[in-house]
Amino acid sequence: MTSTLNIAVLASGKGSNLKAIIDPVRAGTIRQARVSLVISNNSDAGALQIARANGIPSLHLSRQQFESDEAFNKALLSALTRHGINFIALAGYLKKIHPSIIQAYRNRIINVHPALLPSFGGPGMYGKFVHEAVIKSRAATSGATVHIVDDQYDHGAIILQKSLPVAPDDTPETLAAKVSAIEHQIYPEAIRLFAEGRVKIGEQHVEIESHA
Ligand code: GRF
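My aim in this report is to walk through the structure given alongside it, one point at a time. Remember, it's a predicted structure, so these values are computed and weren't measured experimentally. (Residues numbered from 1 in each chain as written. Predicted model: local features only at pLDDT ≥ 70, side-chain atom pairs only at ≥ 80, totals over all residues. Heavy atoms only, no water.)

**Brief notes about the pairing of strand E4 (residues 87–90)**
Neither face of E4 is exposed, since Phe 87 and Ala 89 on one face and Ile 88 and Leu 90 on the opposite face are all buried. In the sheet, strand E1 (residues 5–10) pairs with E4 via 4 bridges, with the strands oriented parallel. Counterpart to Leu 10 in the pairing with E4 is Leu 90. Looking at chain direction, E4 and strand E5 (residues 109–113) are connected through 3 bridges and run parallel. (Buried < 20%, exposed > 50% of the residue type's maximum accessible area, 1.4 Å probe, protein only. Helix = DSSP H or I, 4+ residues; strand = E, 2+ residues; numbered from the N terminus. Pairing = 2+ DSSP bridges.)

Right, here's the structure in full:
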C-alpha cells in the first residue's frame, strides 16, 4: 500500500519538465500522485505561469526576500509542510537545497540532469554548459539522468537514465533539444515508479521493482 505522492516542483526556468509531469498526472497515466505546489526563486519563471494556468498553488520564494539563509530555508520548509508535501521534484531549480530540507525529505527529492551522470555533472554544469562540455569532449553519447538529491550537486543515487547518440554535426542547441525530449520521457516515468512504490533505495544501490 503506497500513499499518494503530494509533489512540490521547484523550478527556476521555463518549466517544460514541470509540464511533462503535470500532463500525465492530470491524464491519469500517473496515478497516486498530485502536483500540489510549484515554487520558484524567479518571479518571471515560465514554471510559475504553467502552475497558474493549471490551477496549481504556486509561490515565488527567493533568498532576497529574507534576512538570512536560515530564514529563507525555514520559509521553504514551512511552505512544503503547509501544503502537505511528501515528495519534491527539482526541475531546473538552480539553487542548492539546504541540508535541513534534504534531511526532512530523505530519499524523497529527485532531480533531472541533462547528461549521463556521473559524467558532466557538478558545480557549473547546468544548461548549455553541459552540452558544450559534451560536444567538446567528443563523447559519442549523451542523455538524461533522474537521480536522488543529496548534499552534493548531481551526486545522489541514479533512478533512471536514457542515452542518445551525439551526432557529428550537433551543436549545444540541437543536443539540448534532443536531451530535453528524453527528460520529458524519463522524469514523469521516474515519478510514476515512485508513485507505484516501486523504487527501493538501499545503502548501496537502487532497485526498481517490476510489476507484481
Ligand atoms: C533541464 O534541462 C533540466 O535537466 C535542468 O534544467 C532544465 C530545466 O528545463 N536541471 P525546464 O525549465 O524544465 O524546461
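**Topic: the site of the ligand**
The environment of the ligand is formed by Gly 13, Lys 14, Gly 15, Ser 16, Asn 17, Gly 92, Val 112, His 113, Pro 114 and Glu 183. Separating an oxygen atom of the ligand from a backbone N or O atom of Gly 15 is a distance of 2.8 Å. In this structure, a nitrogen atom belonging to the ligand sits 3.0 Å away from a main-chain N or O atom of Val 112. Coverage of the ligand by the protein chains reaches 80% of its 360 Å² of free accessible surface. Put simply, the ligand lies in the largest pocket. Among the secondary structure elements, those contributing two or more residues to the shell around the ligand are helix H1 (16–27) and E5. Of the residues assigned to the shell around the ligand, the class counts are 2 nonpolar, 6 polar and 2 charged. (Near = heavy atom within 4 Å. Polar contact = N/O pair within 3.5 Å; in protein donor to acceptor, adjacent residues only side chain to side chain. Areas by Shrake-Rupley, 256 points an atom, 1.4 Å probe, with all protein chains shown as cover. 1 Å grid on protein atoms, 1.4 Å probe; cavity = no way out; pocket = protein on both sides within 12 Å on 5 of 7 lines; lining within 4 Å. Sits in = over half its atoms within 2 Å of the grid points. Nonpolar A, V, L, I, M, F, W, Y, C, P; charged D, E, K, R; others polar.)

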